[in-house]
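The residues making up each chain are set out below.
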Amino acid sequence: MPKGKTSTVFFCQSCGYESSKWMGQCPGCKEWNSFVEETVSKSAHAPGGGLQRDRLRKAAPTVLSEVAVREEDKLVTGIGELDRVLGGGIVQGSLTLVGGDPGIGKSTLLLQVCRNLSNQGHSVLYISGEESLVQIKMRADRIGEFSSKMLLLCETNLEEIGEVIRSRRPEAVVIDSIQTMYNESVSAAPGAVSQVRESTSVLLQLAKGLGVSILIVGHVTKEGTVAGPRVLEHMVDAVLYFEGDGHASYRILRGVKNRFGSTNEIGVFEMRESGLAEVPNASEYMLNGRPENASGSVVAATCEGTRPLLVEIQALVCHSNFGIPRRQTTGTDFNRVNLLMAVLEKRSGVQLGPCDAYVNITGGMKILEPAMDLGIVIAILSSFQNRVLNPKLVAFGEVGLSGEVRGVSMAKQRVAEAEKLGFDTCILPAVCVEECRSARIRILGVKTVQDVMERLF
């Protein structure tokens, strides 16, 4: 490769902003102390060179109405939960980023995808920069049998990787991980901001130019975001995050960006010895082990994308032994719970001021949807009055500052999910009652939190 001149520049670790000198605050994303110094080299084939001009001359526009979109352009992975998050499968020529904490199951899931695709007759190339062939084989043996369409490559040089992809022309490629790859035209170390950005750019050109579907694994920082410049997430077509508590057996795959589908879909998996197994009925899985005859417990219906999900909300309200009451939440917004308690005290006359309050979304789930408000309110009232609720009761609705219960989207789907799991009573906003008339369970429409107190307590 022709070598060019080297120079020292400063990159913002948050957004990839480039500067010739160090700055305390990034002009692009306004982050403080995010600049790092790196040495880069400019290739003779930089933008504006002869090679780039030749490529531009060959480019020609296409009439939009003449572009054909076929359903077979998607690779169905055979893992229903993953296909749901991706919008039906892996789109041909797409670049997908999969991030998550170390050991959460990113490589295991992608190896299972490779197994399913290769068994369907698709050619698959798995490229690892972190593990040897023997290590990958040991993990593959736990998953199952692989066909001859599955190819392995241990390499970190993107030039070599590009040559293999061009010669083999696989239908799908997995890069594990992007932080270990390096481009010889960039003199920075692997994992540096400039290397990650340039490596992703090379893979993007390969995916779009050859029509190869590429999935790349990205390490995450302690804040939970993909390590490297934020521009990395803007370059790819889809960003999937693996979430899950290290003490829980289930994992949640969440789509935070998807150019080919919804960005709110989730997939639920359970970690087993043979790999990640799908959890088709996530609501039933989340409600396992519910306490019996316990106050402060209620089931609420939430929605993740097009998927209704039932979760248990637990609240514990007790008199404070100290001058300043303690409030604590797990799985929901702390400030939102304080707001709902203030609404109860102001609009319903419930004296919660001198009480400690603890609210928990069981199972390690983190849900911020406003439709959980009514469930939180009912759980707090149940614990405060020490009243056991009907175990077959489910609730959802948004609570406003005036104590009104506002309507939420997809009410019919939430009621249908509750009906499927055997619930017999549903408390929901009065404006949603008409939409759910066809349900076979008892529907209770409420307009204010005062209505809730009168109907339940």
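Our subject is the structure listed above.
First, a word on what this report is: a plain description of the structure on this page. Note that the structure is predicted; figures quoted are calculated from it, not measured.

Criteria and cut-off values
- Residues numbered from 1 in each chain as written.
- Predicted model: local features only at pLDDT ≥ 70, side-chain atom pairs only at ≥ 80, totals over all residues.
- Heavy atoms only, no water.
- Phe/Tyr/Trp six-rings, centres within 6.5 Å; stacked < 30°, edge-to-face > 60°.
- Helix = DSSP H or I, 4+ residues; strand = E, 2+ residues; numbered from the N terminus.
- Buried < 20%, exposed > 50% of the residue type's maximum accessible area, 1.4 Å probe, protein only.
- Patch = residues over 30% accessible without salt bridge, like charges linked within 9 Å, V, L, I, M, F, W, Y side chains within 5 Å.
- Areas by Shrake-Rupley, 256 points an atom, 1.4 Å probe, with all protein chains shown as cover.
- Salt bridge = Lys/Arg side-chain N within 4 Å of Asp/Glu carboxyl O.
- Expected span 1.5 Å × (residues − 1).
- Pairing = 2+ DSSP bridges.
- Axes fitted to C-alpha atoms, helices over the stretch in contact; angles between N-to-C directions.
- Arc of directions from axis to C-beta.
- Contact = heavy atoms within 4.5 Å.

The next thing to look at is the packing of aromatic side chains. The full count for this structure, using the stated rule, is three aromatic pairs. Centre to centre, the rings of phenylalanine 242 and phenylalanine 269 are 6.2 Å apart; their planes meet at 70 degrees, and the pair counts as edge-to-face. You can see phenylalanine 242 sitting in strand E11 (residues 238-243) and its partner phenylalanine 269 sitting in strand E13 (residues 266-272), a full 27 residues away along the chain. There is no split in this pair, since phenylalanine 242 and phenylalanine 269 are both buried. Taking the centre distance of 6.1 Å and the plane angle of 90 degrees together, the rings of tyrosine 250 and tyrosine 285 count as edge-to-face. Here tyrosine 285 lies in helix H8 (residues 282-286) and tyrosine 250 lies in strand E12 (residues 250-258), a separation of 35 residues in the sequence.

All right, on to a nonpolar patch on the surface then. A contiguous nonpolar patch, built from Leu64, Val67 and Val69 and spanning about 370 Å² of accessible area, is present on the exposed surface. In this fold, valine 69 is placed in the loop between helix H1 (50-58) and strand E4 (74-75). You can call valine 69 exposed: its relative accessible area is 77%.

So, on to helix H6 (residues 193-210). Here H6 contains 18 residues, and its C-alpha end-to-end distance of 26 Å stays within 8% of the 26 Å for a straight helix at 1.5 Å per residue. Residues Val193, Ser194, Gln195, Val196, Arg197, Ser199, Thr200, Leu203, Leu206 and Ala207 constitute the buried set of H6. Looking one or two residues past H6, glycine 211 carries a phi angle of roughly 70 degrees, positive in sign.

With eight of nine residues buried, E12 lies mostly within the body of the structure. As paired elements, E11 and E12 share six bridges and run antiparallel to each other. Bridge pairing in E12 links leucine 240 to glycine 255. Sheet topology places E12 next to E13; five bridges connect them, and they run antiparallel. Looking at the pairing, arginine 251 lines up with phenylalanine 269 of E13.

What follows deals with the sheet that holds strand E22 (residues 425-429). The mixed open sheet is built from seven strands, whose spatial order is E17-E18-E16-E15-E19-E22-E23. Every interior strand has two partners, whereas the edge strands, strand E17 (327-330) and strand E23 (442-446), have only one. Strand-to-strand twist in this sheet, taken as the mean axis angle between neighbours without regard to direction, amounts to 25 degrees. Alignment of strand E19 (residues 393-395) against E22, held across three bridges, turns out to be parallel.

All right, on to the pairing of strand E9 (residues 172-176) then. Among the five residues in E9, five count as buried, and that is most of the element. Going residue by residue along E9, you find Ala172, Val174 and Asp176 tucked away on one face and Val173 and Ile175 tucked away on the opposite face as well. Two strands pair when backbone bridges link them, and strand E7 (residues 124-128) and E9 are joined in this way by five bridges, in the parallel orientation. Residue tyrosine 126 lies in a different strand from E9, and its bridge partner there is valine 174. Alignment of E9 against strand E10 (residues 213-218), held across four bridges, turns out to be parallel.

Moving on: the pattern of salt bridges. Overall, the coordinates contain 16 salt bridges when judged by the stated rule. When the shortest N-O distance is used, the salt bridge between glutamate 18 and arginine 197 registers 3.7 Å. With glutamate 18 in strand E2 (residues 18-19) and arginine 197 in helix H6, this pair connects stretches of sequence that are 179 residues apart. According to the relative accessible area criterion, glutamate 18 is partly exposed, its value standing at 43%. A salt bridge links arginine 336 to aspartate 373, with the shortest nitrogen-to-oxygen separation between them at 2.4 Å. Placement of the pair is arginine 336 in helix H9 (residues 334-348) and aspartate 373 in helix H10 (residues 373-385), with a sequence separation of 37 residues. When salt bridges with common partners are traced through the structure, they connect Lys208, Asp237 and Arg259 into a single cluster.

On to helix H11 (residues 411-420), then. Those residues of H11 not exposed but buried are Ala411, Arg414, Val415, Glu417 and Ala418. The buried residues of H11 occupy an angular sector of 155 degrees when the element is viewed end-on, so they sit on one face. Tucked into the core, H11 has its buried residues touching H8, strand E15 (297-304), strand E16 (307-319), E19, E22 and E23. Just beyond H11, the residue with positive phi is glycine 422, at close to 90 degrees.

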